Structures are given as structure tokens and as C-alpha cells.
Amino acid sequence: MHTTLHHNQQEINNQLKIFIDEIKKRERSDSHLITILHKAQELNGYLSKEIMDLVAEEMQIPTSVIWGVATFYHYFKLSPIGKYNISVCMGTACYVKGASEVLETIKETLEIEIGETTEDMMFSLQEARCIGACGLAPVAMINDKIYGELNPKKIVDIINKLKEEALEEEKIVQ
Amino acid sequence: MEKQMFTDRFASVFGTESFFKKQKRIALKNCGLIDPENINDYIYADGYKALGTVLTKMTPKDVVETVKASGLRGRGGAGFPTGRKWELTAQQESDEKFVVCNADEGDPGAFMDRSVVEGDPHTVIEGMAIGGYAIGSSKGVVYIRAEYPLAIKRLIKAIDDARKENFLGKNILGSNFSFDIEIRYGAGAFVCGEETALIRSIEGLRGMPKSRPPFPAAKGLFGKPTLVNNVETWANISSIIVNGVDWFSSIGIDKSKGTKVFALAGKIVNTGLAEVPMGMTLREIIYDVGGGIPNGKKFKAVQTGGPSGGCLTDKMLDTKIDYESLMQAGSIMGSGGMIVIDEDSCMVNIAKFFLQFTQDESCGKCIPCREGTKRMLEILTRITDGEGKPGDIEKLEELGNVIKKASLCGLGQSAPNPVLSTIKNFREEYEEHVYQKKCRAVVCEKLITYTINDKCIGCSACRRACPVVAIKGAPKEAHSIQQELCIKCGKCFRSCKFHAIDKTSEAKEQK
Ligand SMILES: Cc1cc2nc3c(=O)[nH]c(=O)nc-3n(C[C@H](O)[C@H](O)[C@H](O)COP(=O)(O)O)c2cc1C
Ligand code: FES
């Protein structure tokens, strides 16, 4: 779900409009608002004010209602996220096995708090609630990949490796 | 023949270890054995046989009576008799009714429903179709967490495949009964697992609960009669129809029939899902199925019911796992989370963890829950920060009881449970925190004293990590911490690679 950088905004908007047009053909189409917001976030990376305005216009639902729904649910992000989105599981099993130490270490290493992104747009930090890998607790998910049996040292190593990877990629692009 | 093949396959996949010996699999009967993306695998395993039987040989009323007689109760938490709920919804007169599958699975630390949907999606679809027939509905909705992408993918495929084979759609298997299912996604709000909030969320709104009555059975989705059941409840239906009421009610005990799936986690050797017959004791599930506590540590408590449940002690290990016994012991069955806690965990901290969760998830609609949980959390934070005052524990109890009685929905009504049950069972730990500023499990950071032991090689990592310059020592010489400057942030401990920093928490003199 981090695909957006290559697309331009116009293209994203068009794709979203096509999606909404399909939804509008269905019965009780207003009730699909959450599905549409999921799609918008998938396409755009997060729910910007402009994207919500677009949904409002297309669906003929007041922006205030859309804002209300978007802010109610944790899953919806209202600001852009970094290249690597780290979700530390703070579910019960992970918590009991020391997830807070892992979380603290990440905060210290990246100098960001939960819900924030590093200035270079490289890392974002979130809390997750049980991603169903309790047997590997404590776990974190970085983008779509799960890292298990973490401890402070291991997570620092992982972060450093990702930093290196990103640097390599940049070199290749240049 | 096929049956034998199946048993063999079961043994080859799972082995015959004690983890499986004591289990009895109904809801999970196909999980791990069949290819969830292949409808034929499900059909070979007697799949859709129940739907066929129901449509050809039973009236809707028969189906309701069968489910009633089986004694099945809701697996989503509250344990409401399923047949009774079906009957209530069936009795409603309406041009339109809905069948809803609750796959929101909000308990943070449990994944029973995810495993069923990922491992055997057709069993949920079949259950819902049978439910639709029984209550006179042609529309089903699965409300599933967006955080479960694989489950969603498999469910979409399963629904498509079921349509192709006419197990869903118009005139199913040549009968007059038509039924189809659509999927709606959650978006990370715990309260949306509560059925009235879930309904509002399906309607595309903020997922805030409503007061009941009217119950969804009378006035639910889009104002129409709606039957809401949990994934695992649905996954029991086809087996009940195929194997009969007598078979089902022979498993389990008194008022709790059948099995329950638990997600074993925490300080336990075998973590994972276990489906056990109702009436097994906690001791059996923790020690026989779960293999006990790892690393020679001592068992301290077991938490069931997630953020709505409670913690039970070693004295209660012989409690039977059924709705009533767990309730009597001071916890609940809940949806199946079972977290084992050993001596390394602080019960006050665990209670705070759950309360933080419910406080964060409180939707804000009713005041007891919104404000009450906040005040409770403040007091708990004070206690774990070493600033607890005499009377705090009593205040927590009083507040907790008010919130339980006065809240609008099940979230608030159960939010104080983890706190109240730990106060009841581990009061001395609370008292140590408040009166002696001591945390016996050495977890609560502010109550910890950090000291440097003789493993220190003088690498200075801790000195550099300390934000308040409380650590002294020349390079390559043993360092020391000046206690009066220490703010107990724990950074030195995390920075040390030589296990040279000790954490202790002793009773402190009261001024
Ligand atoms: C705060 C709260 C959260 C809930 N979360 C869930 C959930 O995640 N899954 C679920 O099936 N039921 C959940 N429930 C219970 C539902 O309200 C409802 O009772 C259940 O879905 C009914 O199905 P059952 O009778 O088959 O258990 C929750 C209830 C409350 C009060
Ligand atoms: S609690 Fe972290 S994966 Fe389940």
C-alpha cells in the first residue's frame, strides 16, 4: 500500500472516481463510505483534505461527515507516512513479552513518537494491536513484512539495515 | 475411506503430541487440513452437505429448533443462546432481514476468528446461508477487520466459488431459497465489535453503539431485523446439522455445550490456537495442552476475556472452562483470548495495559465510560509511577463499579474488569506499589533502582545514553549511577551490552 510516489495526483483522483462510480451503482451506496475511504488511502497513501473533498463531492456527502468517519477509525491516516511504516504490536501477548522495550528503543533510535514520521520521510511509527503472530511475540510489522521475537538490539539492527537498503536504492536511481 | 484419509492427514500434519491429544475440533475441524482456496477440498470434507440437508429436508422452523436444542451459545463473548436469537429474528415480520457475521475480532491478543476465516472460509459461508434460510433472509454481510488481508482475500475467493457452485445466489441448489453475502471492512475501532456499533459501521457511519432494546433482532441493519453472530458461532452450525443435536450436546457440560477455541499466548510453552471441549479445567489447558510455563518460571495468573475479562490466580486453576464457572471465578469466557502471566509481570501494570486500551477505544458517547476510564487510568498511572496515595485503591474500586453499572454498552460495562479483578486477587501488589513504592516484578520503571555491577568494563555506553548526566566513571573503569540524579528512564539499561546494569525494586521507607 505504498505505491503512490510514481503516480501523479491526477491519476490517483481518476482511479478513485472510477471506483466511486462503480459503488454508486449499488444499493444504499452511502453505506459504502468506509470502503471508499479504504480505497482512497490505498491509492493516496493517506487521507488528505483534498482527497476527502473529492469523495465528498463525488458521493454528495458533506465533508464534515467524511471527516467524522475518517477520524473515528484508527486505520485511517490523516498525514503522509514514510517509506518504511513500522507498526509495533502492543497486543497483550506482545506486551507481556516486552513489546514496550522494543517500542521505546525505536522511539529513541529514530527520535520520533507514535504516529510521527522522520523528517527524511523514511520511517513512520505506529502501534498495532495483535497482528495474529502472537507465537512470535514480540512482533513488529514493517510495511507488509513481519519481524518476530524482537528485542531492543534486534530492532536497531533491522532499522540500520533498512537505512542501508534505502541508500543503495537511491544510488541506483541516481 | 475419505474419513480415514482425513484422520491420517490430520496425524501427519499435526502429529499426536499432547498439544492435540486433549483437543476436540469442531470450529477448526478443517483448518490446516484442507486448501482453503479450493472449494472441492471443503466439499470432500462433507462441506455444504448441511446446507443441502437443510434446503431439502428441513423447514426453517426445524432449523431453528435444531440449533436451539443443540445448546450452542454465542462464541463472540456474551454467550447468548444462539437458537433463541435465531428464533427471535425469525419471528419478526419484515420485507427484508439481514444475517451478519461478526469478524471484527477486537481482543488485542487473540486470533481465533482470523484462523477460521483463513483456514476454512466456506464453513462460515455455509453457516450463514443456513442462518439465512432459518430466519427468512436473503442478504448476508461479513464485517471483517481490514487488518486481516489474507482472511479477506480468501473470503472473497470463497464467496465467488460458492456462487459458481450455486451454494450462494438465486435458488440455491434448485430450491426457492436465495442468499448472497457481501463483505464490509472494519477500520480499526474496537467498539465496532459491539453489535450495535458494528451495524452503524456497516451503514458507513462512525461506529458508536446504541442503547438496546431495540435489539438488532428487531431493528438492526438499515432498521431491519438482523441476526448477528460471531465467526466461530457460524463455524459450528454445519457440524450440528450434519452430526445431529445429540452428538453436539454430548460434548461439553451442563449449560455450555460443544467446544471453545482459545488463543494461548504469553508465558506458555505452546502458543497457538487450541479448541477444547467446554468443561476442561484451566489447569488442563495451561499445563497439558499448553505445556506449562517456560524457563522454569512460576505461574502467576491467567487472563481470559481480553480487555473485558479478568485475571485468575493459581488457586482458581481448577475452574472449569464454561460460561458460568469463569464468571463465578471473576473472569469471563470472552471471545477466546487466554494470556498466561508469570512472576515477571506486574499485575498493576497489566491492569493498566488493558485499561489504557479500553480508554483509548472508548467512543466517547457516554460519560461514565469516557470520563470514568480516564480518571481510573490517571490513578493507575499515579500508582505505577510511585505516586500512589492512601485511598487510591478504594477509589479505583468505587469508580470501577459505577462505570460498570452506568455505561451505555458492553465496552464500558466491562472496561473496569481487568482492574477490579486484579485488585481482588492481587491486592497486596497494589498495596506494595502505593505504600512501599515497590514493584515486586521489577516492571514499573519509576519504582526501579538501577545499579551498575562488576560486569562493567567501562565502555561508557550508558554514560552517553544518560540524559541527565547521572552516570560517572572514566573510560575502561567501572561506572556508577548517582541515585539522587537518576530519573529512572531506563536508557542506560537498554544501552548496556554486558548485562552490567541491575534493576531492583525494594520497599522504600515512607516519609
Ligand atoms: C466492546 C465490545 C466488543 C466486542 N467485540 C466483538 C468481536 O470482536 N467479535 C465478536 O464476535 N463479538 C464481539 N462483541 C460481542 C457482540 O456485541 C455480539 O454479542 C456478538 O457478535 C454476537 O454473536 P454471538 O452471539 O455469536 O457471540 C463485542 C462486544 C462488545 C461490548
Ligand atoms: S499480541 Fe502481538 S501478534 Fe498477537
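Structure: above.
J.: Would you explain the overall build of chain B in this entry?
T.: When you go through chain B residue by residue, the secondary structure sums to 22 helices and 15 strands. Relative to the globule expectation of 24 Å for 511 residues, the C-alpha radius of gyration of chain B, 26 Å, shows essentially globular dimensions. With respect to the three principal axes, the spread of C-alpha positions in chain B is 85 × 50 × 40 Å. A total of 511 residues make up chain B; the buried ones form 59% of that total.

J.: So what exactly am I meant to see when it comes to the packing of aromatic side chains here?
T.: Two descriptors summarise a pair of aromatic rings, namely the distance from one centre to the other and the angle between the planes of the rings. Here the structure, examined in full by the defined rule, presents 14 aromatic pairs over all chains. Ring geometry for A:F72 against A:Y73: centres 5.0 Å apart, planes inclined by 75°, an arrangement best described as edge-to-face. Across this residue pair, the class does not change: A:F72 and A:Y73 are buried. Between B:F353 and B:F354, the aromatic rings sit 5.1 Å apart at their centres with planes inclined by 70°, giving edge-to-face as the arrangement. Residues B:F353 and B:F354 agree in their burial class; the two are buried. One aromatic cluster in this structure is built from A:F72, A:Y73 and A:F76. Taking NZ or CZ as reference, A:R28 lies 4.2 Å from the ring centre of B:F222, over its face. Between B:R145 and the ring centre of B:Y148, over which it is positioned, the NZ or CZ distance is 5.0 Å.

J.: Would you explain the site of ligand 1 in this entry?
T.: Residue and element names in this part refer to chain B. Near ligand 1, the surroundings consist of 18 residues, among which G76, K85, N229, N230 and T233 are the closest. A distance of 3.0 Å separates an oxygen atom of ligand 1 from a polar backbone atom of E195. Between an oxygen atom of ligand 1 and a side-chain N or O atom of N230, the distance comes to 2.7 Å. Protein contacts shield 89% of the accessible area of ligand 1, which totals 610 Å² for the unbound molecule. Elements supplying a minimum of two residues to the shell around ligand 1: β4 (226–230) and α18 (410–414). In terms of residue count, the dominant contributor to the shell around ligand 1 is β4 (3 residues).

J.: I tried to follow the pattern of salt bridges on my own but got confused; where do I start?
T.: A side chain of one charge can pair with a side chain of the opposite charge if their charged atoms are brought near each other. Per the counting criterion, the structure on display carries 44 salt bridges over all chains. A:K49 serves as the salt-bridge partner of A:D53, at 3.4 Å between the closest nitrogen and oxygen. Here the residue A:D53 and the residue A:K49 both occupy positions in helix α3 (residues 49–59), the gap between them amounting to 4 residues, near one helical turn. A:D53 gets classed as partly exposed once you look at its relative accessible area, which sits at 29%. Note on A:K49: relative accessible area 57%, which makes it exposed. The closest approach of N and O atoms between B:D95 and B:K224, which form a salt bridge, is 3.1 Å. Of the two residues, B:D95 sits in the loop between α6 (82–91) and β1 (98–103) while B:K224 sits in the loop between α10 (195–202) and β4, which places them 129 residues apart along the sequence.

J.: I tried to follow the sheet that holds strand β9 (residues 299–304) of chain B on my own but got confused; where do I start?
T.: Either a parallel or an antiparallel arrangement is found when strands of a sheet pair, and the pairing is made through backbone hydrogen bonds. Residue and element names in this part refer to chain B. With mixed pairing, 5 strands are arranged side by side in an open sheet as β8-β7-β11-β9-β10. Every interior strand has two partners, whereas the edge strands, β8 (272–277) and β10 (310–312), have only one. Along the sheet, successive strands turn relative to each other by an average axial angle of 30°, direction set aside. Bridge count between strand β7 (residues 259–266) and β8: 6 bridges; the pairing is antiparallel. The residue of β8 that forms the bridge with T259 is P277.

J.: Could you clarify how one ought to interpret the pairing of strand β1 (residues 84–89) of chain A in this entry?
T.: Each regular strand displays side chains that alternate between the two surfaces of the sheet. Residue and element names in this part refer to chain A. Taking burial as the measure, the 6 residues of β1 include 6 buried ones, the bulk of the element. Where burial is concerned, the two faces of β1 agree: the one with Y84, I86 and V88 and the one with N85, S87 and C89 are both buried. Relative to strand β2 (residues 123–128), β1 runs parallel, the two being bridged by 6 bridges. Each residue of the ladder has a partner; that of N85, found in β2, is S124.

J.: I would appreciate a short explanation of the pairing of strand β3 (residues 180–185) of chain B in the present structure.
T.: Taken together, the 6 bridges between strand β2 (residues 139–144) of chain B and β3(B) define a ladder with parallel strand orientation. Looking across to β3(B), one finds that B:V141 is bridged to B:E182.

J.: Hey, could you run me through the interface of chain A and chain B in this one?
T.: One frequently used descriptor of interface size is the decrease in accessible area upon assembly of the parts. Taken together, the contact between chain A and chain B spans 34 residues of the former and 50 residues of the latter. Both sides of the chain A and chain B interface together cover about 3,400 Å² of buried area, and 58% of this is carbon and sulfur. For the chain A face of the interface with chain B, the top three residues by lost area are A:F72, A:T92 and A:R129, together amounting to 19%. Put simply, chain A and chain B have 6 salt bridges between them. The partner of A:E108 in a salt bridge is B:R494, and the shortest N-O contact between them spans 2.7 Å. In this assembly, chain A and chain B are joined by 18 residue pairs in polar contact (both at pLDDT 80 or more). Put simply, the parts of the chain that give the side of chain A that touches chain B at least two residues each are α2 (33–44), α4 (63–72), α5 (92–96) and α6 (99–110) of chain A. For the side of chain A that touches chain B, the class distribution of residues is 14 nonpolar, 12 polar and 8 charged.

J.: Looking at this structure, I do not really get the sheet that holds strand β3 (residues 140–142) of chain A. What am I missing?
T.: Residue and element names in this part refer to chain A. Strand order in the open sheet formed by 4 strands is β2-β1-β3-β4, with mixed pairing between adjacent strands. A strand with exactly one partner marks an edge of an open sheet, and here the two such strands are β2 and β4 (145–147). The average angle at which neighbouring strand axes cross in this sheet is 25°, direction not considered. In this structure, β1 lies alongside β3, joined through 3 bridges in antiparallel fashion. If you follow S87 over to β3, its bridge partner there is M141. Sheet strands in contact with α6 are β1 and β2, and its direction is about 150° off that of β1. The sheet strands contacting helix α7 (residues 152–173) are β1, β2, β3 and β4, and the helix crosses β1 at an angle near 165°.

Analysis parameters
Positions within a chain are numbered from 1, following the residues in the order the chain's sequence is written. Written order determines the labels here, with chains lettered from A and ligands numbered from 1. Reporting of local features is limited, given that this is a predicted model, to residues whose pLDDT is at least 70; pairs of side-chain atoms are given and counted only at 80 or more, and all residues count toward the totals for whole chains, interfaces and linings. With hydrogens and water set aside, each side-chain value is computed from the structure's full complement of heavy atoms. Labels follow the DSSP assignment, with helices taken as runs of H or I lasting at least four residues and strands as runs of E lasting at least two, numbered in each case from the N terminus. Both definitions apply: the radius of gyration is a C-alpha atom measure, and the globule rule equals 2.2 Å times residues to the power 0.38. Three labels apply to residues, based on accessible area from a 1.4 Å probe with only protein chains included: buried if under 20% of the type maximum, exposed if over 50%, partly exposed otherwise in between. Classification of ring pairs uses Phe, Tyr and Trp, with its six-membered ring standing for Trp, and accepts pairs whose centres are within 6.5 Å; under 30 degrees between planes counts as stacked, over 60 as edge-to-face, and the remaining range as tilted. Lysine NZ or arginine CZ positioned within 6 Å of the ring centre and within 35 degrees of the ring normal marks a charge as sitting over the ring. Being near a molecule or strand, for a residue, means having at least one of its heavy atoms within 4 Å of it. The term polar contact refers here to a pair of N or O atoms within 3.5 Å; inside protein, the definition further demands a hydrogen-donor-capable atom paired with an acceptor-capable atom, and it admits residues adjacent in sequence only when both atoms are side-chain atoms. In these tables, accessible area is a Shrake-Rupley quantity obtained with a 1.4 Å probe, and a residue counts as shielded only by the protein chains included in the view. The salt bridge definition used is simple: a Lys or Arg side-chain nitrogen within 4 Å of an Asp or Glu carboxyl oxygen. One requirement defines pairing of two strands: DSSP has to find at least two bridges between them. Structural elements are reduced to axes, namely lines fitted to C-alpha atoms, with helices fitted over the stretch in contact, and the angle between N-to-C directions of any two is expressed from 0 to 180 degrees. We call two residues in contact when some of their heavy atoms are within 4.5 Å. Accessible area that two parts lose when put together, with a 1.4 Å probe and added across both, is what the buried area reports. Residue type decides the class: Asp, Glu, Lys and Arg count as charged, Ala, Val, Leu, Ile, Met, Phe, Trp, Tyr, Cys and Pro as nonpolar, and the leftover types, Gly among them, as polar.

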